[in-house]
Amino acid sequence: MGTEIARRTQKAKERDAVIEMKQKHQPLAEVFGHLITDQSASANRYRLRRLCPFNNSVPNCTKDKAKNPLGVCSVLHDGQPAITCPIRFREDWLITDDAASFFFPDDVAWSSLMEVRLNDAYGKSAGNIDMVLVSYDSEGKVLDFGALEVQAVYISGNVRAPFEYYVKDPKRRGVMDWSDQPNYPRPDFLSSSRKRLAPQLLFKGGILNSWGKKCAVALNKSFFDTLPRLTTTAKSKADIAWFIYDLQLSEHSGQPRYRLTKVDEVFTEFTPALRSITTPVPGKVESFVKQLQERLDEKLETPPANQTIERPF
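Basis of the calculations
- Residues numbered from 1 in each chain as written.
- Predicted model: local features only at pLDDT ≥ 70, side-chain atom pairs only at ≥ 80, totals over all residues.
- Heavy atoms only, no water.
- Pairing = 2+ DSSP bridges.
- Helix = DSSP H or I, 4+ residues; strand = E, 2+ residues; numbered from the N terminus.
- Axes fitted to C-alpha atoms, helices over the stretch in contact; angles between N-to-C directions.
- 1 Å grid on protein atoms, 1.4 Å probe; cavity = no way out; pocket = protein on both sides within 12 Å on 5 of 7 lines; lining within 4 Å.
- Points joined across faces, edges and corners; volume = space filled by probe spheres on them.
- Core = buried A, V, L, I, M, F, W, Y, C linked by side-chain atoms within 4.5 Å.
- Buried < 20%, exposed > 50% of the residue type's maximum accessible area, 1.4 Å probe, protein only.
- Polar contact = N/O pair within 3.5 Å; in protein donor to acceptor, adjacent residues only side chain to side chain.
- Patch = residues over 30% accessible without salt bridge, like charges linked within 9 Å, V, L, I, M, F, W, Y side chains within 5 Å.
- Areas by Shrake-Rupley, 256 points an atom, 1.4 Å probe, with all protein chains shown as cover.
- Salt bridge = Lys/Arg side-chain N within 4 Å of Asp/Glu carboxyl O.
- Lys, Arg positive; Asp, Glu negative; His and termini not counted.
- Charge placed at Lys NZ, Arg CZ, Asp CG, Glu CD.
- Phe/Tyr/Trp six-rings, centres within 6.5 Å; stacked < 30°, edge-to-face > 60°.

Asker: Residue-level account of the sheet that holds strand β11 (residues 240-252), with values.
Answerer: If you walk across this open sheet you meet the six strands as β5-β6-β7-β10-β11-β12, and the pairing is mixed. Every interior strand has two partners, whereas the edge strands, β5 (109-119) and β12 (255-268), have only one. Within this sheet the neighbouring strands show an average axis-to-axis angle of 30°, counted without direction. As paired strands, strand β7 (residues 142-151) and strand β10 (residues 215-220) are joined by five bridges and run parallel to one another. Paired with Q151 across the bridge in β10 is L219.

Asker: Break down empty space enclosed by the protein for me, citing the residues and quoting the values.
Answerer: If a probe as big as a water molecule is rolled over the atoms, it shows which places are left empty. One pass over the full model with this rule turns up two cavities of 30 Å³ or more. Put simply, the largest cavity is a space of about 60 Å³. If you trace the largest cavity, you find it lined by I129, A147, E149, Q200, L201, K204, G205, L208, C215 and V217. Counting residues per element, the ones that place at least two in the lining of the largest cavity are β7, α6 (189-210) and β10.

Asker: Provide a residue-level description of the nonpolar core, including the pertinent values.
Answerer: Counting residues in hydrophobic clusters, the biggest one holds 47 residues, and the most contacted among them are L28, L197, L219, F224, I240 and W242. Ranked by size, the runner-up nonpolar core spans 27 residues in total, among them M131, L148, A238 and Y258.

Asker: Got a sec to walk through the side chain of S40? Specific residues and values, please.
Answerer: With respect to the secondary-structure elements, S40 resides in the loop between β2 (34-35) and α2 (41-49). With relative accessibility at 14%, the residue S40 sits in the buried group. A polar contact is formed between the side chain of S40 and the backbone nitrogen of A43, at a distance of 3.2 Å.

Asker: So what's going on with a negative patch on the surface? Which residues, and what values?
Answerer: A cluster of acidic side chains, namely E294, D297, E298 and E301, defines a negative patch on the protein surface. Tracing the backbone through its elements, the reader meets D297 in helix α9 (residues 285-301). With a relative accessible area of 30%, D297 lands in the partly exposed category.

Asker: Can you tell me about the pattern of salt bridges, naming the residues and giving the values?
Answerer: Note that side chains of opposite charge can pair when their charged atoms are close. According to the stated counting rule, one finds 13 salt bridges in the structure shown. Residues D92 and R259 are paired through a salt bridge, measuring 3.0 Å at the closest nitrogen-oxygen approach. Of this pair, D92 sits in the loop between β4 (80-83) and α3 (94-103) while R259 is found in strand β12, placing the two residues 167 residues apart along the sequence. A relative accessible area of 29% means that R259 is categorised as partly exposed. Through salt bridges that share partners, E30, R88, E91, D92 and R259 make up one connected network.

Asker: For the packing of aromatic side chains, give the residues involved together with the corresponding values.
Answerer: Two numbers describe a pair of aromatic rings. These are the distance of the centres and the angle of the planes. The tally for this structure, following the rule as stated, stands at eight aromatic pairs. With a centroid separation of 6.3 Å and an interplanar angle of 75°, the aromatic rings of F89 and Y245 are classed as edge-to-face. Of this pair, F89 sits in the loop between β4 and α3 while Y245 is found in strand β11, placing the two residues 156 residues apart along the sequence. Each member of the pair F89 and Y245 is classed as buried. Measuring from ring centre to ring centre gives 5.3 Å for Y165 and W178, while their planes differ by 50°; the resulting arrangement is tilted. Note that Y165 is positioned in helix α4 (residues 160-167) and W178 in the loop between α5 (170-173) and β9 (186-188), a separation of 13 residues in sequence. Accessibility expressed as a relative area gives 35% for Y165, which makes it partly exposed.

Asker: Talk me through unusual backbone geometry; I want residue IDs and the actual numbers.
Answerer: Unusually for a residue other than glycine, F32 sits at a positive phi of about 50°. Using a relative accessible area of 3% as the deciding quantity, one classes F32 as buried. Positioned with a positive phi, N183 is a non-glycine residue whose angle comes to about 55°. Its location among the elements puts N183 in the loop between α5 and β9. Looking at N183, the relative accessible area reads 55%, which means it is exposed.

If you want it as structure tokens, here you go:
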């Protein structure tokens, strides 16, 4: 009885620590696949060995720098985790199962290929496709394929500084206040869509669409919610499937852990989706004219900086 009470008390403390971590003004949600408040043997081993639990191409985390990886999988935004590492989406390979359900019939054999280069008609690279799912027959001949793009979110500010501060003493710094530090890191959803997502759809998606091939996009709910409203269509008519995931808190081996969970799926045609994402929402022209007037007034009212040259000769 005493052991059971102690176990429940420990779990309550862990849950309280997670809540406190969210309430404190610090940006880190997951480091090397574990909550920063997790002091279990597994979490300590992953931090010590710099391991990745999410099916990276090698056992170790290689984000940013292979020798000194930035092991931040997700950051906190308004108390909720936002995925900042594309490898984080590979948990249990849910994204490939979801994409295959959009690309292929249920009874077909398929496999996935990572980082496949895509060339245009002139042999110039349009970029690498994150994953290409390939269906094949009994003899291994390619029958069909579809492209899966994974869209993590960019960060504005400095996330390496709090990461390195934390990993030097995880036990004492699992709950920390980083709010008074310069360049506090935050998700940059606008740059993520304009500099990453839109070009991906324009170039790689444009080539694939001209071939009549489907695309799937895996992204975080917090990121998807910042995109313009997309015009949806039936799954059977769609060119693009948007698979929307969130990190939901659950228990794993007695420890709180974020689990990748699909929370929605949206189906669109290619051209309307591209138009929605690449067309900015214009502000009022009056506001721009007002800005021009203020700048002009400032220029006209400021006297020229004339200088008197004493004894020029």
